[in-house]
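Overview (structure and organization)
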Amino acid sequence: MSGWGMGWFGGGGTSTKKKDAPKNAILGLRSTLEMLTKREKHLQNQMDEQEALARKYVSSNNKNAAKAALRRKKQYEHALEQTSAQMMTVEREISSIETANINKETLDAMKNASAAMKQIHGGLTIEKVDSTMEDLREQHAI
């Protein structure tokens, strides 16, 4: 009864959660980046629309409406700048997580290599090497 159903009640499974955490974080950040890209396109369309309205109002001598359209365009430009900055931040975070994950994988590989080397050399001692070399010298002498 020690581990039965622990995954259902919040216990157990922590090693897979830790292993999947970077992947899940990157997936979440990529979906956020996709949403921000859509927002960026929408804001650009809004800016283009307001600029077209302003040109239309200027040609029809409606300067107040043209000014209002240009003010709205300016607001959209500001929102676009903020969105671009957010996208840069998200991209930087994705890169940081990927780099950290690569560093961790490299360290784990190095630990495994160290453990393998210790296992290989575990049975070797100076006395055993000297004894083997002495036996070889005797065999060569014969």
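Refer to the structure above for everything that follows.
Now for a description of the structure that goes with this document. Because the structure is a prediction, the values reported are computed rather than measured. Within each chain, residue numbers correspond to sequence positions counted from 1 in written order. Whole-chain, interface and lining totals are the exception, using all residues; otherwise, since this is a predicted model, local features are given only for residues with pLDDT of at least 70 and side-chain atom pairs are given and counted only at 80 or more. Values reported for side chains reflect all heavy atoms of the structure, with hydrogen atoms and water molecules removed beforehand.

Okay, the overall build of the protein next. Here a strand is any run of E in DSSP of at least two residues, a helix any run of H or I of at least four, and the numbering for each starts at the N terminus. Secondary structure summary: the protein contains three helices and zero strands in total. Secondary structure of the protein in N-to-C order comes out as α-α-α. Within the protein, the fraction of its 142 residues that count as buried is 15%. Intrachain contacts of the protein at a sequence separation of at least 6 include 76% that bridge at least 24 residues. Each residue is assigned to one of three classes by its accessible area relative to the maximum for its type, calculated with a 1.4 Å probe on protein chains only: buried under 20%, partly exposed between the two thresholds, exposed over 50%. We call two residues contacting when some pair of their heavy atoms lies within 4.5 Å.

Attention now moves to helix 2 (residues 63-121). With 59 residues, helix 2 extends 86 Å from end C-alpha to end C-alpha; this agrees with the ideal 87 Å at 1.5 Å per step. Within helix 2, the full set of buried residues consists of A65, A66, A69, K73, A79, L80, T83, M87, V90 and I94. How far a helix is expected to stretch is found by multiplying one less than its residue total by 1.5 Å.

Any Lys or Arg side-chain nitrogen found within 4 Å of a carboxyl oxygen on Asp or Glu counts as a salt bridge. For the coordinates displayed, the defined rule picks out seven salt bridges. Where K104 meets D108, a salt bridge forms, and the shortest distance between an N and an O atom there is 2.8 Å. Here K104 and its partner D108 are both found in helix 2, four residues apart, which amounts to about one turn of the helix. Under the relative-accessibility criterion, D108 is labelled partly exposed at 26%. Here the salt bridges share partners, and the residues they tie into one network are E51, R55, K73 and E77.

This paragraph deals with the side chain of Q50. By the element assignment, Q50 lies in helix 1 (residues 14-59). Judged by its relative accessible area of 5%, Q50 is buried. Setting aside anything within four residues of it in sequence, one finds Q50 in contact with A69, R72, K73 and Y76.

Among the surface-exposed residues, L124, V129, M133 and L136 lie close enough to one another that they form a single nonpolar patch of about 330 Å² accessible area. Following the sequence through the fold, L124 ends up in the loop between helix 2 and helix 3 (126-141). By definition, no residue in a patch forms a salt bridge, and every one has over 30% relative accessible area; like charges are joined within 9 Å, nonpolar side chains (Val, Leu, Ile, Met, Phe, Trp, Tyr) within 5 Å. All accessible areas in this document rest on Shrake-Rupley with a 1.4 Å probe, and a residue is counted as covered only by the protein chains that are shown.

A few words now on a positive patch on the surface. Residues K63, K67, R71 and R72 make up a contiguous surface patch of positive charge. Its place among the elements puts R72 in helix 2. Here the positive residues are Lys and Arg and the negative ones are Asp and Glu; neither His nor the chain ends is included. A charge is said to be at NZ when it belongs to Lys, at CZ for Arg, at CG for Asp and at CD for Glu.

So, on to the nonpolar core. The definition of a nonpolar core used throughout is a set of buried Ala, Val, Leu, Ile, Met, Phe, Trp, Tyr and Cys residues joined through side-chain atoms within 4.5 Å. Within the largest apolar cluster, seven residues are counted, these being I26, L29, L33, L36, M87, V90 and I94. Residue assignment for this core shows that the elements contributing at least two residues are helix 1 and helix 2.

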